[in-house]
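For reference, the chains in residue letters:
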Amino acid sequence: MLGAGRLRGLGTRAAPLWPGRAGSRGLGARIRARGVSTSWSPVGAAFNVKPQGRRLDLFGERRGLFGVPELSAPEGFRVAQENALRKADLLVQRVCSVAPGPQTVLIFDELSDSLCRVADLADFVKIAHPEPAFREAAEEACTSIGTAVEKLNTNVELYRSLQKLLADKKLVDSLDPETRRVAELFMFDFEISGIHLDKEKRKRAVDLNVKILDLSNTFLMGTNFPNKIEKHLLPEHIHQNFVVAGNHVIVDGLHAESPDDLVREAAYKIFLHPNAGQLRCLEELLSNRDLLAKLVGYSTYSHRALQGTLAQSPETVMQFLEKLSDKLSERTIRDFEMIRGMKMKLNPQNSELMPWDPPYYSGVIRAERYNIEPSLYCPFFSLGACMEGLNTLFGRLLGITLYAEQPAKGEVWCEGVRKLAVVHESEGLLGYIYCDFFQRAGKPHQDCHFTIRGGRLKEDGDYQLPVVVLMLNLPHPSRNLPTLLTPGMMENLFHEMGHAMHSMLGRTRYQHVTGTRCPTDFAEVPSILMEYFANDHRVVSQFARHYQTGQSLPKNMVSRLCESKKVGAAADMQLQVFYAALDQIYHGKHPLTASTTDILRETQEKFYGLPYVPNTVCFRNVLLLTTL
Ligand SMILES: [Zn+2]
C-alpha cells in the first residue's frame, strides 16, 4: 500500500510499501530455551545470536546516519537540506541554459536525486528515529524540501526547458526509450500540478491540491478513531471485551478474532457505524479530486491516477475486476458454504453467515484441519534460519549473497539495526539493506520498505548504490533465545525482502524510475512473488530448522502449513475485489449516482456476496481506497 504525503513532481513517486495484509497474528510465541546449540552461517548468526556487548570504540570517528557525514547530530539536517537546495538552484540554472537534448533529462534526474536523497532519508528518520531531536530535525527538512519541490513544480522556466525537448519530434525520436519515458514522467508531474494552464486555473489547481491533501489527512485520521455507545445498549456480559468509560463502552476495532459471535457483531456494528463528519469529508474529498482531475485534463480522477500504470485505464481495471469476480464466484460460494457449515456446527441457533464471521471461522477451520498452532512452528522459523533461507534462495535464483556488515559508529539509529551488503557474483556490490527488525516503543507497527537512496548512473560513470531500510516489528532475541517468527511473520519478511531485492536489482540509469519507483501497480509484483516462495514446501523445507536441535521442519508440517493457506482464500480475494471496485466507482464518473453509502451497499451486493449490514460503512476501518 502507498503511504500519503510524499513529494510529487521532482520528488519521486515512490512511497513506503506496506504489505497487503497483516500476516503477523499471534505475535511472538516465545518458547523457553536451554541454550542455542545450532551453528549458523554468517548471515544466520548475524540475526540469531545476540551481540555479546559492543566493541569498545572510544576514539573512533562518528560517521552520521547512513554514513552521511552531516547527520552525526540533529543539526546536520539543516546543513544537508541547505546543501541540497543550493545544488538544486545550480541545476535549475544549468538545465534552463543547455540546449534541449538527453542532457536535459540527466540534469532533471540529478535535480530530483539531490532533493530526494535528503527528503527520503528524512521521511524515514522522522518516523523511525528513537530520539525526538532527530525526528523533529528530519520533519523540518521534509517540510522545507517539500516546499521547494512545490515551487519547482510551478517554475515555468524549468517546465519550458523540458517542453522544448518534448515538443521537438526529431529530438524525441533520437532519445533512447528509457530517457524518453523519464522525460515524459517529469512532464506528467508538471502537468498534474496544472503548470500548462493559465494563471487563474493554475492557482485553482494549487488550491485544490492543498484542500485534497488536507481532506485526505482528515479522512485517514478519522478511520482510526474509536466509536462509543451507551453502556445500557449492549448486553452486560460482553462489556468486559471492550473498554468501559463511565456510561459508555468504547470500541476501537473489529475484534475479528473473538470466538464470541455477539462480540464480533457488536464490534462490527459499532465500530463501522457511520460518522456524519467522516461521510461529509469523504464526499468532499471525492468531489474535489474530480474537480482537480477535470481541471488538468482528465475525465475522471481514476484516469489521472492510473496514467502511467500497467493497468493504464479505469476501463481495463474494471474489466479485470469483473472477470476475476466471475472466475472466483464459484469458489467463493464454496468458501462461504464451508465457513457457514462451521458456524452452524458451533452455533446452531444462529447460523446465518455475516460479514463479521469469515476471518474467525476460517481460522477455526484451519486450526481444526491442519493443526497449525504457531507455537509448533515458531522454533523452526528463527530469524537467522529465515535469513539463511533468503540468502540461499537469492544465491540460487540470482547469484546474490547477503553479507552482514558492522555499521560504523553513528551510522544506524538504534542498536538492533543490522546492515546487509548485497553482492552479485559478477557485478559485485549492488547496494545496502538496513534491517530495522525489532520492536521498540514509538515505532510504527507496519512492516515496510523505505528507499533511502535510489540507484542511478552518475555522470562520471560510477553507479550510485541504492540504500533501503526494511522495517519489521519482531520480538527481540535474548541471550539464549533467538527471535522466533510465526509463519505469518516469515511470509511478511519474504514480502519485504522482495521489495528490497527489487531496489537492489533495478539498476536503471535514472533514479526517478529505479526499483520500487516504478508504476505503482507493478511495485508489489516482486514482493508478492516472494510470498509464493515462502509458501512452497520445496523452499520452506530448505531452511526451516529447529533453532536448538537443527532438525528440519517435518515434511507433513510444511505441507499442512502450505495447504492451510488455501482455506478461505477465494472469499478473502473476493473481499479485495469488492474494495477495488468500490474505489473505482468512487473515483469514476461524477456526480456520483447515489450517496457513498448507497454505492457501497450496491457494490457489496454485486462484488462480495455477504449481506450489507444497514448503518455500517466498511471504509471506516480499512484504508481501502488505493488512490488515497
Ligand atoms: Zn509490499
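Residues numbered from 1 in each chain as written. Predicted model: local features only at pLDDT ≥ 70, side-chain atom pairs only at ≥ 80, totals over all residues. Heavy atoms only, no water.

1. Side note on the confidence of the model for the chain
Part 1 of the argument: With 91% of its residues at a pLDDT of 70 or more, the chain has an overall mean of 88.
Part 2 of the argument: With pLDDT under 50 throughout, residues 1-9 is counted as low confidence; its partners more than four residues away or in other chains account for 35 contacts. (pLDDT = per-residue confidence, 0-100. Contact = heavy atoms within 4.5 Å.)

2. A word on the UniProt feature "domain: Peptidase M3A/M3B catalytic" (unreviewed entry) in the chain
Part 1 of the argument: UniProt's entry tags residues 255-616 with the feature "domain: Peptidase M3A/M3B catalytic" (unreviewed entry), counted in the numbering of this structure.
Part 2 of the argument: In residues 255-616, the share of helix is 49% and the share of strand is 12%. The end C-alpha atoms are 16 Å apart. (UniProt positions renumbered as here; feature names shortened; annotations may be inferred. Helix = DSSP H or I, 4+ residues; strand = E, 2+ residues; numbered from the N terminus.)

3. Structural notes on the packing of aromatic side chains
Part 1 of the argument: Summed over all chains, the structure comprises 17 aromatic pairs.
Part 2 of the argument: Measuring from ring centre to ring centre gives 4.9 Å for F66 and Y434, while their planes differ by 85°; the resulting arrangement is edge-to-face. You can see F66 sitting in the loop between α1 (42-48) and α2 (76-97) and its partner Y434 sitting in strand β6 (residues 428-438), a full 368 residues away along the chain.
Part 3 of the argument: Among the residues examined, F66 registers a relative accessible area of 11% and is labelled buried. (Phe/Tyr/Trp six-rings, centres within 6.5 Å; stacked < 30°, edge-to-face > 60°. Buried < 20%, exposed > 50% of the residue type's maximum accessible area, 1.4 Å probe, protein only.)

4. With respect to the pattern of salt bridges
Part 1 of the argument: Under the criterion given, the structure shown has 29 salt bridges.
Part 2 of the argument: A salt bridge links K203 to D207; its shortest N-O distance comes to 2.9 Å. Taken together, the residues span about one helical turn, with K203 and D207 both in helix α8 (residues 199-222) at a distance of four residues.
Part 3 of the argument: Note on D207: relative accessible area 39%, which makes it partly exposed.
Part 4 of the argument: The closest approach of N and O atoms between K294 and D290, which form a salt bridge, is 2.8 Å. You can see K294 and its partner D290 sitting in helix α10 (residues 276-295), four residues apart, about one turn around the helix.
Part 5 of the argument: Given the relative accessible area of 40%, K294 is considered partly exposed.
Part 6 of the argument: One network of salt bridges, with partners in common, ties together D261, R264, K343 and D357. (Salt bridge = Lys/Arg side-chain N within 4 Å of Asp/Glu carboxyl O.)

5. Quick look at unusual backbone geometry
Part 1 of the argument: The residue after H590, namely P591, is reached through a cis peptide bond having omega -5°.
Part 2 of the argument: Take P591: it is sitting in the loop between α20 (569-586) and α21 (596-607).
Part 3 of the argument: The phi dihedral of F66 is positive, around 55°, even though this residue is not glycine.
Part 4 of the argument: In this structure, Q312 takes a positive phi of about 70° despite not being glycine.

6. Brief notes about the side chain of Q511
Part 1 of the argument: Checked against the element boundaries, Q511 lands in the loop between α16 (487-505) and α17 (525-534).
Part 2 of the argument: According to the relative accessible area criterion, Q511 is buried, its value standing at 0%.
Part 3 of the argument: For Q511, the side chain forms a polar contact with the side chain of S112, separated by 2.9 Å. (Polar contact = N/O pair within 3.5 Å; in protein donor to acceptor, adjacent residues only side chain to side chain.)

7. Concerning the environment of A133
Part 1 of the argument: With respect to the secondary-structure elements, A133 resides in helix α4 (residues 132-153).
Part 2 of the argument: Linking A133 and S112, residues 21 residues apart in sequence, is a C-alpha distance of 27 Å.

8. Comments concerning a nonpolar patch on the surface
Part 1 of the argument: A cluster of nonpolar side chains, contributed by L310, F522, V525, I528, L529 and Y532, occupies part of the molecular surface with about 580 Å² of accessible area.
Part 2 of the argument: Tracing the chain through its elements places L310 in the loop between α11 (301-306) and α12 (314-346).
Part 3 of the argument: What makes L310 exposed here is its relative accessible area of 54%. (Patch = residues over 30% accessible without salt bridge, like charges linked within 9 Å, V, L, I, M, F, W, Y side chains within 5 Å. Areas by Shrake-Rupley, 256 points an atom, 1.4 Å probe, with all protein chains shown as cover.)

9. Observations regarding the sheet that holds strand β1 (residues 227-230)
Part 1 of the argument: Across the sheet, which stays open at both edges, the three strands sit in the order β1-β3-β2 with antiparallel pairing between neighbours. In this open sheet, the two edge strands, each paired with only one partner strand, are β1 and β2 (243-245). Along the sheet, successive strands turn relative to each other by an average axial angle of 30°, direction set aside.
Part 2 of the argument: As defined by bridge partners, β1 adjoins strand β3 (residues 248-251) across four bridges and the pair is classed as antiparallel. By the bridge assignment for β3, I229 is matched with V249. (Pairing = 2+ DSSP bridges. Axes fitted to C-alpha atoms, helices over the stretch in contact; angles between N-to-C directions.)

10. A short note on the packing of α2 against helix α3 (residues 102-128)
Helix-helix packing is described using two parameters, namely the angle between the two axes and the distance between the axes.
Part 1 of the argument: Where α2 contacts α3, the axes come no closer than 9 Å and their chain directions differ by 165°. If you check the angle between α2 and α3, you find them roughly antiparallel. Crossing of α2 over α3 shows left-handed handedness. On α3, the residues that touch F77, A80, Q81, A84, L85, K87, A88, L91, V92, R94 and V95 of α2 are Q103, T104, I107, F108, E110, L111, S114, L115, V118, L121, A122 and V125.
Part 2 of the argument: The class makeup of the residues in the contact of α2 with α3 is 16 nonpolar, four polar and three charged. (Parallel < 35°, antiparallel > 145°, perpendicular 65-115°, else oblique. Left-handed = near helix turned anticlockwise from the far one by under 90°. Nonpolar A, V, L, I, M, F, W, Y, C, P; charged D, E, K, R; others polar.)

11. Describing the nonpolar core
Part 1 of the argument: Core analysis: the largest hydrophobic core is formed by 96 residues, its most contacted members being F381, I433, F437, L493 and M497.
Part 2 of the argument: Apart from the residues within four sequence positions on either side, L493 is in contact with L383, C386, M387, L390, F437, L472 and L485. (Core = buried A, V, L, I, M, F, W, Y, C linked by side-chain atoms within 4.5 Å.)

12. Looking at α21
Part 1 of the argument: With twelve residues, α21 ought to run about 16 Å at 1.5 Å a step, and its terminal C-alpha atoms sit 16 Å apart, in line with that.
Part 2 of the argument: Residues T596, T597, I599, L600, T603, Q604 and F607 constitute the buried set of α21. Considered in projection along α21, the buried side chains sweep an arc of 155° and stay on one side of the axis.
Part 3 of the argument: Check the buried side of α21 and you find it contacts α10, α12 and α20.
Part 4 of the argument: With its phi angle positive at about 120°, G609 sits one or two positions after the end of α21. (Expected span 1.5 Å × (residues − 1). Arc of directions from axis to C-beta.)

13. So, the sheet that holds strand β5 (residues 418-424)
Part 1 of the argument: With respect to topology, five strands assemble into an open sheet ordered β4-β5-β6-β10-β7, the strand pairing being mixed. Either end of the sheet is taken by a strand with one partner, and the two such strands are β4 (400-405) and β7 (448-453). Taken pair by pair, the neighbouring strands of this sheet meet at an average axis angle of 25°, ignoring direction.
Part 2 of the argument: Strand direction decides the pairing type here: β6 and strand β10 (residues 467-474), joined by six bridges, are parallel. Of the residues in β10, the one forming a bridge with C435 is L470.

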